[in-house]
Amino acid sequence: MNVLVIGNGGREHALAWKMAQSRRVKRVFCAPGNAGTAADGENVPIAADDIAGLVRFAKDNQVQLTVVGPEVPLAAGMVDAFERERLRIFGPTKAAAELESSKAFCKEVLRGASVPTAEHRAFRDAESAIRFLREREDMPIVVKADGLAAGKGVFVCERREEAIDAVRQIAQDRIFGAAGDRIVIEERLHGQEASVLAITDGRTLVTLPPAQDHKRAYDGDTGPNTGGMGAYSPTPLVDEAQLGWIEEHILVPTIHAMKRMRRPFRGVLYAGLMLTHQGPKVLEFNVRFGDPECQPILIRLKSDLVDVLEAAALGDLDRLDPPRWDPRPAVCVVMASEGYPGDYTKGHPIRGLAEAAQVPDVKVFHAGTTWKDGQVVTSGGRVLGVTALGNSIPLAKLQAYTAVKCIRWDGAWCRKDISDKAAIV
């Protein structure tokens, strides 16, 4: 069969790489892809948000399964368009994707389903939000842009004035554009963060091993929020008993609530959790594989990913055996461009990729890369996700950073402490 992966990041490279391993797959297309997907599949010069162009391509090239990587085309109705043309596609509809595309809607679903989450208020203008902040006690608070902001629309604020400044940036300065049409203000939760992803057909859940992302730019969880500077899986922060509790009290009630709202959910339900003293609470839902969590999760998957995603798209996930996993943990270290998550330059030649590929149990997933004049160059803020397996989390970390040291370009940098939080358990 022919399969199509939509997107051009590290998550999409991991999906294309894993799907190419299926004995059922003849060709793997990636639209638009990057330098890594060009090596593990075939790139297609169609933008990820060109819905009509991608529908035509899938028809013309006998694509039997399409997998949508990023959230923007899902929120724009990519799945709806494919399904209207009777094309098989993995991912939620536009109505179901609102779980991620509107934080206020997500909070309504959580409250209606009695899923534990932070207390919140939603506002449509800066004045109302600022008045609310001035009338309450000065305490740590979280301010969020309601819509999609590439993982950067969240301000964790220590004091009232900091929160007011965040509201002004979102609602008045419009730094996230239309994503700031509404503002969500919520209590700040304390604890360790973890990510639990599940693949669902709307009735059956296949919960994946828990992971931990590293959102802040710099070591020690300092600096601005990013799209993610690294991840590891599984995390000892979530044991089997707690994973079962999360399934029962968070994932299943959310799926049932969406069904009751006539927005049946198929695809990846990603719960970003805070592990508080009162138990796990939902920070946010995403409606697709996380990036970079996808990379350490998929490098451990021993089952055929195509079988799982196709069964979810067809609505018969219950017929499959549970996925098989490599018992070794995996660590993914993101290498970024100088200036990220702010402004950065592109076009820097990347050296050492062949040497990094020789490090045992390592796969270098490409994100912000492209080919130019016969060499791989940088084309984004997050450039590579260097991912390694090891017999323990420290050994997986060692392998990942051994490969990182092989790779160079002007301005390359990364966090040095990815996975260290596993040691505190």
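Look above for the structure.
This write-up is about the structure you can find in this document. (Residues numbered from 1 in each chain as written. Predicted model: local features only at pLDDT ≥ 70, side-chain atom pairs only at ≥ 80, totals over all residues. Heavy atoms only, no water.)

Here we look at the overall build of the chain
Logical step 1: Of the regular secondary structure elements, the chain holds 14 helices and 22 strands.
Logical step 2: The C-alpha atoms of the chain give 21 Å as radius of gyration, which agrees with the globular expectation for 425 residues (22 Å, within 12%).
Logical step 3: With the C-alpha coordinates aligned to their principal axes, the bounding extent of the chain is approximately 60 × 45 × 40 Å.
Logical step 4: The burial tally for the chain puts 58% of its 425 residues in the buried class.
Logical step 5: Surface summary for the chain: the accessible area is close to 17600 Å², and the carbon and sulfur share equals 47%.
Logical step 6: Computed over 54 positive and 55 negative side-chain charges, the separation of the two mean positions in the chain equals 2 Å. (Helix = DSSP H or I, 4+ residues; strand = E, 2+ residues; numbered from the N terminus. Rg over C-alpha atoms; globule rule 2.2 N^0.38 Å. Buried < 20%, exposed > 50% of the residue type's maximum accessible area, 1.4 Å probe, protein only. Areas by Shrake-Rupley, 256 points an atom, 1.4 Å probe, with all protein chains shown as cover. Lys, Arg positive; Asp, Glu negative; His and termini not counted. Charge placed at Lys NZ, Arg CZ, Asp CG, Glu CD.)

Overview of the pairing of strand S8 (residues 154–157)
Logical step 1: Along S8, the buried face is formed by Phe155 and Cys157; none of Val154 and Val156, which line the opposite face, is buried.
Logical step 2: The sheet contact formed by strand S7 (residues 141–145) and S8 spans four bridges and is antiparallel. The residue bridging Ile141 from the neighbouring strand is Cys157, located in S8. (Pairing = 2+ DSSP bridges.)

Looking at the sheet that holds strand S22 (residues 382–389)
Logical step 1: Taking strand neighbours across the sheet as the criterion, the five strands line up as S12-S15-S18-S22-S19 in an open arrangement whose pairing is antiparallel. For this open sheet the edge positions go to strand S12 (212–213) and strand S19 (362–366), each flanked by a neighbour on one side alone.
Logical step 2: The sheet contact formed by strand S15 (residues 230–233) and strand S18 (residues 330–336) spans four bridges and is antiparallel. If you follow Ala231 over to S18, its bridge partner there is Cys332.
Logical step 3: Lying over the sheet, helix H14 (residues 393–404) contacts S15, S18, S19 and S22, oriented at roughly 30° with respect to S18. (Contact = heavy atoms within 4.5 Å. Axes fitted to C-alpha atoms, helices over the stretch in contact; angles between N-to-C directions.)

Some thoughts on the sheet that holds strand S11 (residues 205–207)
Logical step 1: Strand order in the open sheet formed by four strands is S11-S10-S16-S17, and the pairing between neighbours is antiparallel. Each having just a single partner strand, S11 and strand S17 (279–286) make up the two edges of the open sheet. When the angles between neighbouring strand axes are averaged without regard to direction, this sheet yields 35°.

So, the side chain of His13
Logical step 1: On the secondary structure map, His13 appears in helix H1 (residues 10–20).
Logical step 2: On the basis of relative accessible area, His13 is assigned to the buried category, the value being 1%.
Logical step 3: Setting aside residues no more than four positions away along its own chain, His13 makes contact with Asn34, Gly36, Thr37, Asp40, Lys363, Val364, Phe365 and His366.

Let's talk about the pattern of salt bridges
Oppositely charged side chains can pair when the atoms bearing their charge come close.
Logical step 1: One pass over the full model with this rule turns up 26 salt bridges.
Logical step 2: Its salt-bridge partner being Glu186, residue Lys107 comes within 3.1 Å of it at the nearest N-O pair. Here the residue Lys107 occupies a position in helix H7 (residues 103–112), and Glu186 occupies one in strand S9 (residues 183–187), the gap between them amounting to 79 residues. Across the pair, exposure class does not vary: Lys107 and Glu186 are buried alike.
Logical step 3: Members of the salt-bridge network, linked through shared partners, are Arg24, Arg88, Asp307 and Glu310. (Salt bridge = Lys/Arg side-chain N within 4 Å of Asp/Glu carboxyl O.)

Quick look at the pairing of S19
Working note: regular strand, side chains alternate between the two faces of the sheet.
Logical step 1: Burial analysis of S19 places five of its five residues in the buried class, the great majority of the element.
Logical step 2: Residue alternation in S19 divides its side chains into two sets, Val362, Val364 and His366 and Lys363 and Phe365, and both sets are buried.
Logical step 3: The sheet contact formed by S19 and S22 spans five bridges and is antiparallel. Along S22, the bridge assignment pairs Val362 with Ala388.

Quick word on helix H12 (residues 305–314)
Logical step 1: Most of H12 sits inside the fold, with eight of its 10 residues counted as buried.
Logical step 2: Buried residues of H12: Leu305, Val306, Val308, Leu309, Glu310, Ala311, Ala312 and Ala313, and no others.
Logical step 3: Where H12 is buried, its residues meet H1, strand S4 (63–68), strand S5 (89–90), strand S10 (192–200) and helix H11 (294–300).
Logical step 4: Capping the start of H12, Asp304 holds a side-chain oxygen 2.8 Å from the backbone nitrogen of Val306, two or three residues further along.
Logical step 5: Note on H12: the residue one or two positions beyond its end, Gly315, has a positive phi of about 85°. (Polar contact = N/O pair within 3.5 Å; in protein donor to acceptor, adjacent residues only side chain to side chain.)

Description of the packing of H7 against helix H10 (residues 240–260)
Logical step 1: Running from amino to carboxyl end, H7 crosses H10 at an angle of 105°, the nearest separation of the two axes being 9 Å. Judged by the angle between their axes, H7 and H10 are roughly perpendicular. Note on element contacts: H10 touches H7 through Thr254, Ala257, Met258 and Arg260, opposite Phe105, Val109, Leu110 and Gly112.
Logical step 2: Here the contact of H7 with H10 is built from residues that sort into five nonpolar, two polar and one charged. (Parallel < 35°, antiparallel > 145°, perpendicular 65-115°, else oblique. Nonpolar A, V, L, I, M, F, W, Y, C, P; charged D, E, K, R; others polar.)

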